[in-house]
Amino acid sequence: ALGPGYVEGLAWSAGQVGEWQSLDHHAWAYALEGGYRFADVPGTPWIRAGIFRSSGDGDPGDGDHDTFFQLLPTSRIYAYTPFYNLMNNQDVMAQLIARPIGKLMTRLDFHWLRVTEGRDLLYFGGGATKRDFFGYGGSGAGGAHETAYVVELTLTYPVSRNLELQAYGGHAFGQRVVDKGFPRDQDLTYGFVEGTLTF
């Protein structure tokens, strides 16, 4: 508790050492996030900001593999428009969460995405889901670093104790890295409406 609300923060880091097939593997990742939630202000606005950064491989021709490997994540935790993942990535984000009307929760997100190493790939995918499917792919960054700017709006409404409705819309403004892999169309718009029933 601090002043008219609450301060919150999160920090984590990970290191990886071992072997990547015939290569030596050394990689890292970290995340720092923080925010302030107003308790007595209408709508209880919650302002958050943070950064995630992971290693990439700056020299694909040497005997080392330096790209952070994310194993089997749930990409939806950090990317509702999942054209990127936690590998060779820097994500600087700002977020505003509020309840403007009754039980309706709104969440507005902004992400500034960059690849850490321009000689590596822009990675996508969420991991192996069956025996013959590795589950990851990539597009060459071509020496560039700027990936995209992403703006997202999420609306969540609990209809009852067991049913929650959610609507999402996001738009990615592709930059140089996206242009290298997809020169004909750099922007992306994605959305969904869903209901979650719990027992």
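Residues numbered from 1 in each chain as written. Predicted model: local features only at pLDDT ≥ 70, side-chain atom pairs only at ≥ 80, totals over all residues. Heavy atoms only, no water.

Peer 1: Whenever I open this one, the overall build of the chain confuses me. Can you help?
Peer 2: Summing up its helical and strand segments, the chain has one helix and eleven strands in all. Overall, the chain shows an N-to-C arrangement of helices and strands of β-β-β-β-β-β-β-β-β-β-α-β. Dimensions of the chain, computed from the C-alpha atoms along their principal axes, are close to 55 × 40 × 35 Å. Of all 199 residues assigned to the chain, the portion counted as buried reaches 35%. Sequence-distant contacts in the chain: of pairs separated by 6 or more residues, those separated by 24 or more amount to 59%. (Helix = DSSP H or I, 4+ residues; strand = E, 2+ residues; numbered from the N terminus. Buried < 20%, exposed > 50% of the residue type's maximum accessible area, 1.4 Å probe, protein only. Contact = heavy atoms within 4.5 Å.)

Peer 1: So what exactly am I meant to see when it comes to the nonpolar core here?
Peer 2: Nonpolar side chains tend to gather and get buried jointly when the protein is soluble and globular. Among the nonpolar cores identified, the biggest contains 19 residues, and Phe83, Tyr84, Val150 and Val177 are the most heavily contacted of them. Mapped onto this core, the elements with two or more residues apiece are strand E2 (23–38) and strand E9 (146–158). With three residues, E2 is the largest single contributor of residues to this core. In this structure Val150 touches Phe83, Asp109, Phe110, His111, Leu113, His171 and Ala172, once residues within four positions along its chain are discounted. (Core = buried A, V, L, I, M, F, W, Y, C linked by side-chain atoms within 4.5 Å.)

Peer 1: Explain a nonpolar patch on the surface to me, please; I cannot follow it from the model alone.
Peer 2: A surface patch of nonpolar side chains, amounting to about 810 Å² of accessible area, comprises Ile47, Leu96, Leu108, Phe110, Trp112, Tyr149, Val151, Leu153, Leu155 and Phe173. Contributions of two or more residues to the nonpolar patch are made by strand E6 (104–114) and E9. Counting residues per element, the nonpolar patch draws most heavily on E9, which supplies four residues. Counting through the fold element by element, Leu96 comes out in strand E5 (residues 90–101). The partly exposed category is assigned to Leu96, whose relative accessible area is 38%. (Patch = residues over 30% accessible without salt bridge, like charges linked within 9 Å, V, L, I, M, F, W, Y side chains within 5 Å. Areas by Shrake-Rupley, 256 points an atom, 1.4 Å probe, with all protein chains shown as cover. Salt bridge = Lys/Arg side-chain N within 4 Å of Asp/Glu carboxyl O.)

Peer 1: It is not clear to me how the pattern of salt bridges should be interpreted in this structure. Could you clarify?
Peer 2: Once their charged atoms are close, side chains differing in charge can pair, the charge on each being opposite to the other. Going through the model one piece at a time under the given rule, you end up with four salt bridges. A salt bridge links Arg48 to Glu8; the shortest N-O distance between them is 2.7 Å. Of this pair, Arg48 sits in strand E3 (residues 46–54) while Glu8 sits in strand E1 (residues 5–20), placing them 40 residues apart in sequence. The exposure class assigned to Arg48 is buried, which follows from its relative accessible area of 11%. Look at Glu8 and you get partly exposed, because its relative accessible area is 23%. In this structure, Arg107 engages Asp109 in a salt bridge whose closest nitrogen and oxygen atoms are separated by 2.8 Å. Relative accessible area serves as the criterion here: at 3%, Asp109 is assigned to the buried category.

Peer 1: How should the pairing of E6 be read in this particular structure?
Peer 2: Regular strands place their side chains on alternate faces of the sheet. As defined by bridge partners, E5 adjoins E6 across ten bridges and the pair is classed as antiparallel. Bridge pairing in E6 links Gln95 to Asp109. Where E5 folds back onto E6 in an antiparallel hairpin, the turn is made up of two residues, including Gly102, whose phi is positive at roughly 50 degrees. Both E6 and E9 contribute to a ladder of ten bridges, which runs antiparallel. If you follow Arg107 over to E9, its bridge partner there is Thr154. (Pairing = 2+ DSSP bridges.)

Peer 1: Explain the side chain of Asp57 to me, please; I cannot follow it from the model alone.
Peer 2: Mapping Asp57 onto the fold places it in the loop between E3 and strand E4 (64–65). Here Asp57 is buried and forms no salt bridge, its nearest opposite-charge partner Arg119 lying at an N-O distance of 7.8 Å. At 3.4 Å, the side chain of Asp57 and the backbone nitrogen of Asp66 are in polar contact. Contact partners of Asp57, with chain neighbours within four places excluded, come to Asp62, Asp64, His65, Asp66, Thr67, Glu117, Arg119 and Asp120. (Lys, Arg positive; Asp, Glu negative; His and termini not counted. Polar contact = N/O pair within 3.5 Å; in protein donor to acceptor, adjacent residues only side chain to side chain.)

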